[in-house]
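An overview of the molecular structure
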Amino acid sequence: MDTNQTPEFKTYEEVPESWLDRCSGDGYERYIDDNGDRRYKDNDVPVGDMPFRPCARCGHYPNEDGDDHCIQGLGKVVNACCGHGNKDGYVMFDDGRVLRGRFKVERIGGEERARELPWTGVLDASGNRIRVGDRVKLFGIVGEAVFECGAYGIAFEDVIDWDAITGKIKEHTGCDNRPDFCFNDNFISFWELLWNFSCDVVERIAP
């Protein structure tokens, strides 16, 4: 017997508490028989006898946090398209995974939550308001709009390549202006961008 083989099902006693509120059904269709019992269509077994089964598509169980195997630990969004209601959309992550299909985009908490998120006072290259917590892109580098060091700006995970940033000044302004930055390791304020460029070099990519 292969001890590494995925078990056909797990009982309530064998799974972490994080699985108990899952409602997706793991992809197996069910039906109600003449006695009112719910059964799986693929094997005719009562659902209560096999309460937790691995994913019908990939054959894996969720992780300990209850996240589906194929989408656990998704990275940062680097590109996306909603599909505009007439074709498949996609969400691309920096770990190489892409979610595709026709989906509805919702904001948790709705417009009330949107109003609670502070506006930085800055518009991106497309005229969108940049709010604290938004994912933004500066010269192809993804960061997050934050309030830090007494100012609104962009925080990055990696150390900023200031030579690359200052090298963009003439390209975007047409002038050989002297760079005027604070040269923080992981943060650049919007006022630094406004002074040296304009904030049309920033692109808002996701809330």
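Scope of this entry: the structure provided in the associated data block. (Residues numbered from 1 in each chain as written. Predicted model: local features only at pLDDT ≥ 70, side-chain atom pairs only at ≥ 80, totals over all residues. Heavy atoms only, no water.)

This part takes up the sheet that holds strand β5 (residues 98–101). Strand order in the open sheet formed by three strands is β3-β4-β5, with antiparallel pairing between adjacent strands. One side of each edge strand has no neighbouring strand; the edge strands of this open sheet are β3 (77–81) and β5. When strand polarity is set aside, the average angle formed by the axes of neighbouring strands in this sheet is 5°. For strand β4 (residues 89–93) and β5, the ladder comprises four bridges, and the chain directions are antiparallel. Among the inter-strand pairings, Gly89 is bridged to a residue of β5, identified as Gly101. (Pairing = 2+ DSSP bridges. Helix = DSSP H or I, 4+ residues; strand = E, 2+ residues; numbered from the N terminus. Axes fitted to C-alpha atoms, helices over the stretch in contact; angles between N-to-C directions.)

Inspection of the sheet shows strand β8 (residues 135–138) paired to strand β9 (residues 141–148) by four bridges, in the antiparallel sense. Across the sheet, Arg135 pairs through a bridge with Glu144, a residue of β9. Counted along the chain from β8 to the antiparallel partner β9, the turn is two residues long, and its residue Phe139 has a positive phi close to 50°.

It is worth spelling out the packing of aromatic side chains at this point. In the structure shown here, the tally under the stated rule is seven aromatic pairs. With centroids separated by 6.0 Å and ring planes inclined at 75°, the aromatic side chains of Tyr28 and Tyr40 adopt a geometry described as edge-to-face. Of this pair, Tyr28 sits in the segment before β1 (30–32) while Tyr40 sits in strand β2 (residues 38–40); the two residues are twelve residues apart in sequence, bridging distant segments of the chain. No difference in accessibility class separates Tyr28 from Tyr40, as the two residues are buried. Measuring from ring centre to ring centre gives 5.0 Å for Trp162 and Phe181, while their planes differ by 50°; the resulting arrangement is tilted. Placement of the pair is Trp162 in helix α2 (residues 162–166) and Phe181 in the loop between α3 (169–173) and β11 (187–189), with a sequence separation of 19 residues. A relative accessible area of 8% places Phe181 in the buried class. An aromatic cluster is defined as three or more aromatic residues linked by ring pairs; in this entry it consists of Phe139, Trp162, Phe181, Phe183 and Phe197. If you follow Arg129 out to its NZ or CZ, it ends over the ring of Trp119, 3.9 Å from the centre. (Phe/Tyr/Trp six-rings, centres within 6.5 Å; stacked < 30°, edge-to-face > 60°. Buried < 20%, exposed > 50% of the residue type's maximum accessible area, 1.4 Å probe, protein only. Lys NZ or Arg CZ within 6 Å of the ring centre and 35° of its normal.)

Here the structure, examined in full by the defined rule, presents nine salt bridges. Arg53 is the partner of Asp42 in a salt bridge, and the nearest nitrogen-oxygen pair spans 2.8 Å. With Asp42 in the loop between β2 and β3 and Arg53 in the loop between β2 and β3, this residue pair connects regions lying eleven residues apart in the sequence. Looking at Arg53, the relative accessible area reads 6%, which means it is buried. (Salt bridge = Lys/Arg side-chain N within 4 Å of Asp/Glu carboxyl O.)

Tracing the backbone through its elements, the reader meets Glu157 in the loop between β10 (151–155) and α2. Along the chain, Glu157 and Val142 lie 15 residues apart, while their C-alpha atoms are 8.8 Å from each other. Beyond its immediate sequence surroundings of up to four residues, Glu157 is in contact with Lys76 and Asn186. Among the polar contacts made by the side chain of Glu157, one reaches the side chain of Lys76 at a distance of 2.6 Å. (Contact = heavy atoms within 4.5 Å. Polar contact = N/O pair within 3.5 Å; in protein donor to acceptor, adjacent residues only side chain to side chain.)

A word on the side chain of Asp134. Topologically, Asp134 is positioned in the loop between β7 (129–131) and β8. Judged by its relative accessible area of 2%, Asp134 falls in the buried class. A polar contact is formed between the side chain of Asp134 and the backbone nitrogen of Arg131, at a distance of 2.8 Å. Side chain to side chain, Asp134 and Arg204 meet in a polar contact 2.8 Å long.

Geometry only, nothing functional implied.
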